[in-house]
Amino acid sequence: MSLHDSLWINATLTVITEEGLPETLEDAAIGCRDGVISMICAMEHLSHGATDMAIKVHDVEHACITPGLVDCHTHLVFAGHRADEFKLRLEGQSYTQIAEDGGGIISTVRNTRAASDQQLQTTAQSRLQYLIEDGVTTLEIKSGYGLTIADEEKMLRVVRKLGAISPVTIVSTFLGAHALPPEYVANRHGYIDLLCRQMLPRLHAAGLIDAVDGFCEGIAFTSDEIERLYQVAAGLGLPVKLHAEQLSNSGGAQLAARYGALSVDHLEYLDEDGARAMAASGSVAVLLPGAYLMLRETQPPPVALLRKHGVAMALASDANPGSSPALSARLMMLLGCTQFNLTPREALWGMTLHAARALGMADTIGSLEVGKAADMVVWDVREPAELSYWLGGNMAQSVVKDGVIIHHR
Ligand code: NIG
Ligand code: FE
């Protein structure tokens, strides 16, 4: 009988010590069996005959192996693009101004409503492939460009379909509270009613929702409005998250923390009370350097405060057609370092273990530990810090999901 389905030898492994601290293990081996990590050891402790007893042995010649990357915040399903708005912003218009003029999220809503399931699926699938080739093995995708029951359902159906046909794990998040749809401009209350009384309960009953998100901001929803939605989510037993303090401090982080949010995302304008509240609730701070870059924001999230209060920081692509047309997870690690002063190690844990926590999945993915899913990436580099250093390039040699190679270069 074979000991391992696959055995990866002569690797530089990023692992977690028994104390839960990240550590680099040189000259190490990792074994997988039945989709799960079955062994991690130093090469010198590899038992005699272990390689003979593995079905497949890969000698990676001192390449780095990290956990599969986890992209815990994306809006990957949408129609069209907004390169025209990018041009307007380069000419000096603000994201807020463009949204107030009827562009922004609402312009993608128009395109997404007009698109078929198949169109949404095909375009999202090709974007997803870029992320997979960049080492992503788990990701989250939000709705929020439909904003009617039928169109939100269409988006979430496509998310579930992508989850079923692609080799990676996909978490589906309901973001009906993304923007006020044009048909409700004179009736905000009516839209919140629709969200709370019909959309969320129905789409949840259809099995389409894993978590509930909202956008708490001057151009979107108030914290009182988000709270009504959170109450319904809590009643349904669904975890919550929030886009908060992206363009201003609206107190969203404190609200989300009160509801035990898995994560609070963006956070450029977070204050110390907000950071304290997140520390107390254990909510992960998801930093989105792609949106910061593309909106040419100048106030970075308060990383020092987050460190001081022990709030775990994750990084994500926020892949969306407006604020962050990002198709690389590794580039987010680099931007997290250059724009937000994260260390390369914080960037790596931000794109793996802490991102897994932001999805409530840290028990099964996010680190190379015996018993966790065998989701890992063999990189074209010899030191983990290089992952947030090389600017561009397709550096994922092999992307492994549940022990199976899903991409090889
Ligand atoms: O995370 N902040 C709100 N939502 C997205 C942007 C969506 C869009 O502009 O289409 C974000 O940045
Ligand atoms: Fe977002």
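About the criteria used
- Residues numbered from 1 in each chain as written.
- Chains lettered and ligands numbered in written order.
- Predicted model: local features only at pLDDT ≥ 70, side-chain atom pairs only at ≥ 80, totals over all residues.
- Heavy atoms only, no water.
- Phe/Tyr/Trp six-rings, centres within 6.5 Å; stacked < 30°, edge-to-face > 60°.
- Helix = DSSP H or I, 4+ residues; strand = E, 2+ residues; numbered from the N terminus.
- Buried < 20%, exposed > 50% of the residue type's maximum accessible area, 1.4 Å probe, protein only.
- Donors = N, O, S within 2.8 Å, 3.2 Å for Na, K, Ca; no water.
- Near = heavy atom within 4 Å.
- Polar contact = N/O pair within 3.5 Å; in protein donor to acceptor, adjacent residues only side chain to side chain.
- Areas by Shrake-Rupley, 256 points an atom, 1.4 Å probe, with all protein chains shown as cover.
- Salt bridge = Lys/Arg side-chain N within 4 Å of Asp/Glu carboxyl O.
- Contact = heavy atoms within 4.5 Å.
- Patch = residues over 30% accessible without salt bridge, like charges linked within 9 Å, V, L, I, M, F, W, Y side chains within 5 Å.
- Lys, Arg positive; Asp, Glu negative; His and termini not counted.
- Charge placed at Lys NZ, Arg CZ, Asp CG, Glu CD.
- Pairing = 2+ DSSP bridges.
- Axes fitted to C-alpha atoms, helices over the stretch in contact; angles between N-to-C directions.
- Parallel < 35°, antiparallel > 145°, perpendicular 65-115°, else oblique.
- Left-handed = near helix turned anticlockwise from the far one by under 90°.
- Nonpolar A, V, L, I, M, F, W, Y, C, P; charged D, E, K, R; others polar.
- Domains from an automatic or database assignment.
- Buried area = accessible area lost by both parts, 1.4 Å probe.
- Expected span 1.5 Å × (residues − 1).
- Arc of directions from axis to C-beta.

(A) Quick peek at the packing of aromatic side chains. What the rule picks out here adds up to 6 aromatic pairs. Centroid distance Tyr 191 to Phe 221: 6.2 Å. Interplanar angle 20°. Geometry classified as stacked. Here Phe 221 lies in the loop between β9 (211–216) and α7 (223–236) and Tyr 191 lies in helix α6 (residues 188–205), a separation of 30 residues in the sequence. With a relative accessible area of 0%, Tyr 191 lands in the buried category.

(B) Quick peek at the coordination of the iron ion (ligand 2). Within the protein, the iron ion (ligand 2) binds to His 73 (NE2), His 75 (NE2), His 243 (NE2) and Asp 318 (OD); these donor distances fall in the range 2.0 to 2.4 Å. On the primary sequence, the residues serving as donors to the iron ion (ligand 2) are separated as H-x1-H-x167-H-x74-D. Within this pair, whereas His 75 is found in the loop between β6 (69–71) and α1 (83–90), its partner His 243 is found in strand β10 (residues 241–244), the two being separated by 168 residues in sequence. Its relative accessible area of 2% is what places His 75 among the buried residues. A relative accessible area of 3% means that His 243 is categorised as buried.

(C) Fine view of the site of ligand 1. Taken together, 15 residues sit near ligand 1, with Arg 82, Tyr 95, Tyr 145, His 178 and Ser 323 positioned nearest. In this structure, an oxygen atom belonging to ligand 1 sits 2.5 Å away from a side-chain N or O atom of Tyr 95. In this structure, His 178 approaches ligand 1 through a side-chain N or O atom, which is 2.8 Å from a nitrogen atom. Coverage of ligand 1 by the protein chains reaches 100% of its 320 Å² of free accessible surface.

(D) How the structure looks around the pattern of salt bridges. This model, assessed by the stated rule, comprises 22 salt bridges. Here Lys 87 ties to Glu 91 by a salt bridge, and the two come within 3.3 Å at their closest N and O atoms. A salt bridge links Asp 380 to Arg 409; the shortest N-O distance between them is 3.2 Å. Here Asp 380 is found in the loop between β14 (376–379) and β15 (396–401), whereas its partner Arg 409 is found in the segment after β16 (404–408), with 29 residues between them in sequence. Under the relative-accessibility criterion, Asp 380 is labelled partly exposed at 40%. Owing to a relative accessible area of 56%, Arg 409 belongs among the exposed residues under this scheme.

(E) Geometry of the side chain of His 58. Within the element layout of this structure, His 58 appears in strand β4 (residues 54–59). Once residues lying within four places of it in the same chain are set aside, the contact partners of His 58 are Ser 6, Leu 7, Trp 8, Ile 9 and Ile 405.

(F) The arrangement of the environment of Asp 210 in detail. Structurally, Asp 210 can be placed in the loop between α6 and β9. Take Asp 210: its relative accessible area is 30%, and that puts it in the partly exposed class. Once the C-alpha coordinates of Asp 210 and Leu 13 are considered, the two residues, 197 residues apart in sequence, prove to be 31 Å apart. Look past the residues within four positions of Asp 210 in its chain and what remains in contact with it is Arg 160, Ile 170, Val 171, Ser 172, Leu 238 and Pro 239.

(G) Fine view of a negative patch on the surface. Taken together, the side chains of Glu 26, Asp 27, Glu 44 and Glu 383 make up a negatively charged region of the molecular surface. Tracing the chain through its elements places Glu 26 in strand β2 (residues 22–33).

(H) Representation of the sheet that holds strand β11 (residues 263–266) in the model. In spatial order, the strands read β6-β7-β8-β9-β10-β11-β12-β13; together these 8 strands make up an open sheet with parallel pairing. Each edge of the open sheet is held by one strand with a lone partner, namely β6 and β13 (313–315). Each adjacent strand pair in this sheet contributes to an overall mean axis angle of 25°, direction not counted. Sheet analysis places β10 next to β11, joined by 4 bridges and oriented parallel. For Leu 242, the partnering residue across the bridge sits in β11 and is Val 264.

(I) Quick peek at the pairing of β15. Taken across its 6 residues, β15 has 5 buried, putting it largely inside the fold. Alignment of β14 against β15, held across 4 bridges, turns out to be antiparallel. Residue pairing in the sheet places Val 377 in a bridge with Val 399 of β15.

(J) The packing of helix α4 (residues 117–133) against helix α5 (residues 149–165), seen in detail. Packing of α4 against α5 brings their axes to within 10 Å, and their N-to-C directions diverge by 50°. One way to sum up the angle between α4 and α5 is to call them oblique. For the pair α4 and α5, the sense of crossing is right-handed. Across the interface between the two elements, Asp 117, Leu 120, Gln 121, Ala 124 and Gln 125 of α4 pack against Lys 154, Arg 157, Val 158, Lys 161, Leu 162 and Ile 165 of α5. Its residues assigned to classes, the contact of α4 with α5 shows 5 nonpolar, 2 polar and 4 charged.

(K) The arrangement of the domain arrangement of the protein in detail. Each assigned domain of the protein is listed here: domain 1 (4–67 + 367–408) and domain 2 (69–358). Placing a centre on the C-alpha atoms of domain 1 and another on those of domain 2 gives a separation of 31 Å. Counting each side, the surface lost to burial between domain 1 and domain 2 is near 2000 Å², with a carbon and sulfur contribution of 67%. It is Pro 22, Ser 388 and Lys 401 in domain 1 that bury the most area against domain 2; as a group they hold 27% of the surface buried on that side. Inspection of the domain 1/domain 2 interface yields 0 salt bridges. Those elements giving two or more residues to the side of domain 1 that touches domain 2 turn out to be β1 (4–16), β5 (64–67), β14, β15 and β16. Grouping the amino acids of the side of domain 1 that touches domain 2 by side-chain chemistry returns 17 nonpolar, 7 polar and 4 charged.

(L) Structural context of α4. Given a rise of 1.5 Å per residue, 17 residues ought to cover 24 Å, and the 24 Å separating the end C-alpha atoms of α4 matches this to within 8%. Restricting attention to buried positions, one finds in α4 the residues Leu 120, Gln 121, Ala 124, Arg 127, Leu 128, Leu 131 and Ile 132. One side of α4 carries all its buried residues, which in axial view fall inside an arc of 150°. Just past α4, the residue Gly 135 takes up positive phi, approximately 105°.

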